[in-house]
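Descriptive structure summary
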Amino acid sequence: MLLRYRGGIGMLAWAFHRISGVAIWAFVLLHVIDIYLVGGNPKAYDELLAIYASPIGRVLEALLGAALLYHALNGLRIIVMDFWPALTRYHRQMWLTNWVIFAVLGAIVSYFIFKPLWGG
Amino acid sequence: MSRSAYRRAKPQGGGFELAVWYLMRLTGVALFVLALTHYLILHVLYDPALQDADWITTVRWSSLFWRAFDWTLLMMVLFHAFMGVRTVIGDYAHGGLRTALTMALYLMAIGLFVMGTVVVLTLPKVVPAG
(Lines give C-alpha, C1' and ligand atoms only; values in the text may rest on other atoms or scores of the structure.)
Protein backbone atom coordinates (compact mmCIF):
# COMPACT_ATOMS: atom_id res chain seq x y z
CA MET A 1 0.00 0.00 0.00
CA LEU A 2 2.74 2.39 1.06
CA LEU A 3 4.78 1.74 -2.08
CA ARG A 4 1.87 2.06 -4.50
CA TYR A 5 0.64 5.31 -2.96
CA ARG A 6 1.79 8.18 -5.14
CA GLY A 7 3.55 10.04 -2.35
CA GLY A 8 7.05 9.07 -3.46
CA ILE A 9 10.29 9.79 -1.63
CA GLY A 10 9.08 13.12 -0.25
CA MET A 11 6.20 11.47 1.59
CA LEU A 12 8.36 8.66 2.98
CA ALA A 13 11.02 11.13 4.10
CA TRP A 14 8.34 13.27 5.78
CA ALA A 15 6.72 10.28 7.54
CA PHE A 16 10.08 8.98 8.83
CA HIS A 17 11.03 12.50 9.93
CA ARG A 18 7.81 12.85 11.91
CA ILE A 19 7.98 9.36 13.50
CA SER A 20 11.65 9.72 14.47
CA GLY A 21 11.00 13.25 15.77
CA VAL A 22 8.15 12.20 18.06
CA ALA A 23 10.22 9.22 19.28
CA ILE A 24 13.17 11.47 20.14
CA TRP A 25 10.80 13.91 21.89
CA ALA A 26 9.47 11.02 24.04
CA PHE A 27 13.03 9.99 24.91
CA VAL A 28 13.91 13.59 25.87
CA LEU A 29 11.03 13.54 28.39
CA LEU A 30 12.38 10.34 29.94
CA HIS A 31 16.00 11.48 29.80
CA VAL A 32 15.49 14.85 31.55
CA ILE A 33 13.58 13.05 34.30
CA ASP A 34 16.27 10.35 34.72
CA ILE A 35 19.08 12.94 34.87
CA TYR A 36 17.04 14.89 37.42
CA LEU A 37 17.11 11.69 39.53
CA VAL A 38 20.94 11.76 39.52
CA GLY A 39 20.61 14.76 41.86
CA GLY A 40 17.29 13.90 43.50
CA ASN A 41 17.47 10.10 43.95
CA PRO A 42 20.77 8.57 42.72
CA LYS A 43 19.72 5.05 43.80
CA ALA A 44 16.62 5.17 41.59
CA TYR A 45 18.80 6.43 38.71
CA ASP A 46 21.19 3.51 39.09
CA GLU A 47 18.27 1.05 39.03
CA LEU A 48 16.98 2.65 35.83
CA LEU A 49 20.50 2.49 34.35
CA ALA A 50 20.49 -1.30 34.81
CA ILE A 51 17.45 -1.41 32.49
CA TYR A 52 19.15 0.90 29.96
CA ALA A 53 22.24 -1.36 29.94
CA SER A 54 20.23 -4.61 29.55
CA PRO A 55 20.01 -6.32 26.12
CA ILE A 56 16.53 -4.87 25.50
CA GLY A 57 17.76 -1.48 26.71
CA ARG A 58 20.60 -1.65 24.18
CA VAL A 59 18.20 -2.44 21.33
CA LEU A 60 16.19 0.67 22.31
CA GLU A 61 19.45 2.63 22.58
CA ALA A 62 20.41 1.61 19.03
CA LEU A 63 16.90 2.55 17.80
CA LEU A 64 17.29 5.95 19.47
CA GLY A 65 20.59 6.37 17.63
CA ALA A 66 18.91 5.40 14.35
CA ALA A 67 16.09 7.91 14.92
CA LEU A 68 18.61 10.65 15.78
CA LEU A 69 20.82 9.93 12.77
CA TYR A 70 17.92 9.75 10.30
CA HIS A 71 16.32 12.93 11.70
CA ALA A 72 19.69 14.77 11.65
CA LEU A 73 20.57 13.77 8.06
CA ASN A 74 17.08 14.33 6.64
CA GLY A 75 16.85 17.62 8.58
CA LEU A 76 19.98 18.87 6.82
CA ARG A 77 18.42 17.81 3.49
CA ILE A 78 15.33 19.87 4.33
CA ILE A 79 17.46 22.90 5.30
CA VAL A 80 19.47 22.65 2.07
CA MET A 81 16.24 22.61 0.00
CA ASP A 82 14.70 25.47 2.04
CA PHE A 83 17.64 27.84 1.64
CA TRP A 84 18.89 26.74 -1.80
CA PRO A 85 15.67 25.82 -3.66
CA ALA A 86 17.63 25.13 -6.86
CA LEU A 87 19.14 22.09 -5.15
CA THR A 88 15.66 20.55 -4.68
CA ARG A 89 16.18 18.86 -8.08
CA TYR A 90 18.86 16.75 -6.37
CA HIS A 91 16.56 15.70 -3.49
CA ARG A 92 16.67 12.05 -4.65
CA GLN A 93 20.49 11.99 -4.69
CA MET A 94 20.59 13.64 -1.25
CA TRP A 95 18.08 11.06 0.07
CA LEU A 96 20.20 8.16 -1.26
CA THR A 97 23.43 9.72 0.07
CA ASN A 98 21.79 10.03 3.48
CA TRP A 99 20.96 6.32 3.52
CA VAL A 100 24.54 5.40 2.62
CA ILE A 101 25.86 7.55 5.50
CA PHE A 102 23.12 6.13 7.75
CA ALA A 103 24.07 2.51 6.93
CA VAL A 104 27.82 3.02 7.43
CA LEU A 105 27.59 5.04 10.66
CA GLY A 106 24.72 2.89 11.93
CA ALA A 107 26.77 -0.30 11.51
CA ILE A 108 29.75 1.20 13.36
CA VAL A 109 27.64 2.62 16.22
CA SER A 110 25.64 -0.62 16.57
CA TYR A 111 28.88 -2.59 16.85
CA PHE A 112 29.98 -0.50 19.84
CA ILE A 113 26.53 -0.58 21.48
CA PHE A 114 26.18 -4.37 21.32
CA LYS A 115 29.86 -5.26 21.87
CA PRO A 116 29.57 -5.48 25.73
CA LEU A 117 26.87 -8.18 25.34
CA TRP A 118 29.42 -10.69 24.08
CA GLY A 119 32.03 -9.59 26.60
CA GLY A 120 33.99 -7.25 24.34
CA MET B 1 2.38 21.31 -6.18
CA SER B 2 4.11 18.21 -7.55
CA ARG B 3 3.61 14.94 -5.73
CA SER B 4 6.92 14.84 -3.89
CA ALA B 5 7.16 18.56 -3.18
CA TYR B 6 8.04 19.62 0.30
CA ARG B 7 4.98 21.16 1.93
CA ARG B 8 6.24 22.58 5.22
CA ALA B 9 6.60 25.88 3.40
CA LYS B 10 8.07 29.02 4.88
CA PRO B 11 5.24 31.00 6.52
CA GLN B 12 4.38 34.23 4.74
CA GLY B 13 3.86 37.59 6.40
CA GLY B 14 6.41 37.37 9.21
CA GLY B 15 5.72 37.45 12.90
CA PHE B 16 5.76 34.55 15.37
CA GLU B 17 5.35 31.68 12.88
CA LEU B 18 8.17 32.93 10.65
CA ALA B 19 10.46 33.31 13.68
CA VAL B 20 9.65 29.73 14.72
CA TRP B 21 10.34 28.55 11.14
CA TYR B 22 13.85 30.10 11.21
CA LEU B 23 14.54 28.98 14.80
CA MET B 24 13.59 25.37 13.95
CA ARG B 25 16.31 25.38 11.29
CA LEU B 26 18.84 27.21 13.47
CA THR B 27 18.34 24.84 16.43
CA GLY B 28 18.30 21.94 13.95
CA VAL B 29 21.83 22.77 12.76
CA ALA B 30 22.97 23.28 16.37
CA LEU B 31 21.47 19.92 17.34
CA PHE B 32 23.16 18.21 14.40
CA VAL B 33 26.45 18.98 16.17
CA LEU B 34 25.38 18.96 19.84
CA ALA B 35 23.04 15.94 19.90
CA LEU B 36 25.21 13.73 17.68
CA THR B 37 28.33 14.62 19.73
CA HIS B 38 26.44 13.88 22.96
CA TYR B 39 25.26 10.51 21.61
CA LEU B 40 28.73 9.63 20.26
CA ILE B 41 30.43 10.31 23.62
CA LEU B 42 27.82 8.70 25.89
CA HIS B 43 26.80 5.70 23.78
CA VAL B 44 29.85 4.87 21.68
CA LEU B 45 33.01 6.14 23.43
CA TYR B 46 31.68 5.24 26.92
CA ASP B 47 29.53 2.20 27.66
CA PRO B 48 26.26 3.39 29.29
CA ALA B 49 26.57 0.50 31.79
CA LEU B 50 29.41 2.45 33.48
CA GLN B 51 27.47 5.70 33.71
CA ASP B 52 25.93 5.45 37.19
CA ALA B 53 25.04 8.50 39.27
CA ASP B 54 28.54 8.49 40.76
CA TRP B 55 30.16 8.50 37.29
CA ILE B 56 28.03 11.46 36.19
CA THR B 57 28.94 13.41 39.33
CA THR B 58 32.65 12.64 39.43
CA VAL B 59 33.50 12.34 35.73
CA ARG B 60 31.03 13.72 33.22
CA TRP B 61 29.77 16.71 35.19
CA SER B 62 32.96 17.43 37.15
CA SER B 63 33.73 19.55 34.09
CA LEU B 64 32.06 22.94 33.77
CA PHE B 65 32.45 22.69 29.99
CA TRP B 66 30.38 19.51 29.71
CA ARG B 67 27.74 20.86 32.10
CA ALA B 68 27.44 23.96 29.89
CA PHE B 69 27.46 21.77 26.75
CA ASP B 70 24.66 19.54 28.05
CA TRP B 71 22.61 22.53 29.26
CA THR B 72 22.95 24.21 25.84
CA LEU B 73 21.87 20.92 24.22
CA LEU B 74 18.86 20.86 26.56
CA MET B 75 17.81 24.40 25.57
CA MET B 76 18.11 23.61 21.86
CA VAL B 77 16.28 20.29 22.15
CA LEU B 78 13.46 21.70 24.29
CA PHE B 79 12.74 24.36 21.67
CA HIS B 80 13.16 22.07 18.65
CA ALA B 81 11.34 18.99 20.03
CA PHE B 82 8.44 20.85 21.62
CA MET B 83 7.90 23.16 18.64
CA GLY B 84 8.05 20.06 16.43
CA VAL B 85 5.37 18.28 18.45
CA ARG B 86 3.35 21.52 18.37
CA THR B 87 3.34 21.22 14.56
CA VAL B 88 2.19 17.59 14.84
CA ILE B 89 -0.64 18.60 17.22
CA GLY B 90 -1.60 21.38 14.81
CA ASP B 91 -1.89 18.83 11.98
CA TYR B 92 -4.10 16.33 13.81
CA ALA B 93 -6.07 18.28 16.47
CA HIS B 94 -8.41 21.21 15.95
CA GLY B 95 -10.32 23.79 17.97
CA GLY B 96 -10.39 23.47 21.75
CA LEU B 97 -8.51 20.16 21.74
CA ARG B 98 -5.61 21.73 19.85
CA THR B 99 -5.46 24.62 22.32
CA ALA B 100 -5.59 22.29 25.34
CA LEU B 101 -2.90 19.95 23.99
CA THR B 102 -0.65 22.86 23.02
CA MET B 103 -1.00 24.42 26.47
CA ALA B 104 -0.24 21.04 28.12
CA LEU B 105 2.78 20.75 25.82
CA TYR B 106 4.11 24.19 26.86
CA LEU B 107 3.63 23.31 30.54
CA MET B 108 5.64 20.09 30.03
CA ALA B 109 8.41 22.08 28.33
CA ILE B 110 8.55 24.54 31.24
CA GLY B 111 8.65 21.61 33.69
CA LEU B 112 11.57 19.98 31.86
CA PHE B 113 13.36 23.35 31.57
CA VAL B 114 13.14 23.75 35.36
CA MET B 115 14.14 20.12 36.14
CA GLY B 116 17.10 20.14 33.76
CA THR B 117 18.35 23.55 34.87
CA VAL B 118 18.01 22.67 38.58
CA VAL B 119 20.04 19.48 38.23
CA VAL B 120 22.76 21.16 36.12
CA LEU B 121 23.11 23.93 38.70
CA THR B 122 22.74 21.94 41.94
CA LEU B 123 24.52 18.61 41.36
CA PRO B 124 27.64 18.95 43.58
CA LYS B 125 30.76 19.73 41.62
CA VAL B 126 33.22 16.99 42.48
CA VAL B 127 36.74 17.43 41.21
CA PRO B 128 38.29 13.98 40.81
CA ALA B 129 41.43 13.41 42.83
CA GLY B 130 44.71 13.45 40.92
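In what follows, the structure referred to is the one given above.
Below you will find a few notes about this structure.

Before going further, it helps to examine the overall build of chain B. Looking only at helices and strands, chain B features 4 helices and 0 strands. Counting from the amino terminus, chain B carries its helices and strands in the arrangement α-α-α-α. Counting only residues that meet the buried cut, chain B has 39% of its 130 residues in that class. By sequence separation, contacts in chain B at least 24 residues apart represent 64% of the contacts at least 6 residues apart.

What follows is about the packing of helix α1 (residues 8–40) of chain A against helix α3 (residues 55–83) of chain A. Residue and element names in this part refer to chain A. Where α1 meets α3, the closest approach of the two axes is 9 Å, and the angle between their N-to-C directions is 130°. Taken as axis vectors, α1 and α3 run oblique relative to one another. By crossing handedness, the relation of α1 to α3 is classed as left-handed. Where α1 abuts α3, its residues I9, L12, A13, F16, H17, S20, G21, I24 and F27 lie against L64, A67, L68, Y70, H71, N74, G75, R77 and I78.

All right, on to the interface of chain A and chain B then. The partner chain B presents 42 residues to the 41 residues of chain A that form the contact. For the pair chain A and chain B, the two sides together bury roughly 3500 Å², of which 75% comes from carbon and sulfur. Its largest share of buried area at the contact with chain B, chain A owes to A:R18, A:W25 and A:Y36, together 18% of the area lost on that side. Between B:D47 and A:R58 there is a salt bridge, with the nearest N and O atoms lying 3.0 Å from each other. On the surface where chain A and chain B come into contact, there are 9 residue pairs in polar contact (both at pLDDT 80 or more). Mapped onto the side of chain A that touches chain B, the elements with two or more residues apiece are α1, α2 (42–52), α3 and α4 (91–114) of chain A. Per-element accounting of the side of chain A that touches chain B gives the leading share, 15 residues, to α1(A). Considering only residue class, the side of chain A that touches chain B consists of 27 nonpolar, 8 polar and 6 charged.

Here we come to the nonpolar core. A:W25, B:L74, B:L78, B:F82, B:L105 and B:L112 are the most contacted members of the largest nonpolar core, which totals 28 residues. Elements supplying a minimum of two residues to this core: α1 and α3 of chain A together with α1 (16–45), α3 (64–92) and α4 (95–122) of chain B. Per-element accounting of this core gives the leading share, 10 residues, to α3(B). Excluding its chain neighbours within four sequence positions, the residues that come into contact with B:L105 are A:W25, B:F82, B:V85, B:R86 and B:I89. In terms of nonpolar packing, the next biggest core, distinct from the first, is built from 13 residues, B:L42, B:A53, B:W55 and B:L123 among them.

Here the focus is the packing of α4(A) against α1(B). With their axes 9 Å apart at the nearest point, α4(A) and α1(B) run at an angle of 45° to one another. It follows that α4(A) is oblique to α1(B) by the angle criterion. Contact with α4(A), carried on its side by A:V109, A:F112 and A:I113, involves B:Y39, B:H43 and B:V44 of α1(B) and no other residues of that element. Its residues assigned to classes, the contact of α4(A) with α1(B) comprises 5 nonpolar, 1 polar and no charged.

Our next topic: the side chain of B:S62. Residues and elements named next belong to chain B. Here S62 lies in the loop between α2 (53–58) and α3. Residue S62 is classed as buried on the basis of its relative accessible area of 13%. Side-chain polar atoms of S62 contact the backbone oxygen of T58, separated by 3.3 Å. Only 2.9 Å separates the side chain of S62 from the backbone oxygen of V59, close enough to count as a polar contact.

So, about the environment of A:L60. Residue and element names in this part refer to chain A. In this fold, L60 is placed in helix α3. We classify L60 as exposed; its relative accessible area is 54%. Along the sequence, L60 and G75 sit 15 residues apart, while their C-alpha atoms lie 22 Å from each other.

Cut-offs and rules
- Residues numbered from 1 in each chain as written.
- Chains lettered and ligands numbered in written order.
- Predicted model: local features only at pLDDT ≥ 70, side-chain atom pairs only at ≥ 80, totals over all residues.
- Heavy atoms only, no water.
- Helix = DSSP H or I, 4+ residues; strand = E, 2+ residues; numbered from the N terminus.
- Buried < 20%, exposed > 50% of the residue type's maximum accessible area, 1.4 Å probe, protein only.
- Contact = heavy atoms within 4.5 Å.
- Axes fitted to C-alpha atoms, helices over the stretch in contact; angles between N-to-C directions.
- Parallel < 35°, antiparallel > 145°, perpendicular 65-115°, else oblique.
- Left-handed = near helix turned anticlockwise from the far one by under 90°.
- Buried area = accessible area lost by both parts, 1.4 Å probe.
- Salt bridge = Lys/Arg side-chain N within 4 Å of Asp/Glu carboxyl O.
- Polar contact = N/O pair within 3.5 Å; in protein donor to acceptor, adjacent residues only side chain to side chain.
- Nonpolar A, V, L, I, M, F, W, Y, C, P; charged D, E, K, R; others polar.
- Core = buried A, V, L, I, M, F, W, Y, C linked by side-chain atoms within 4.5 Å.

No statement about biological role is implied by the geometric values presented.
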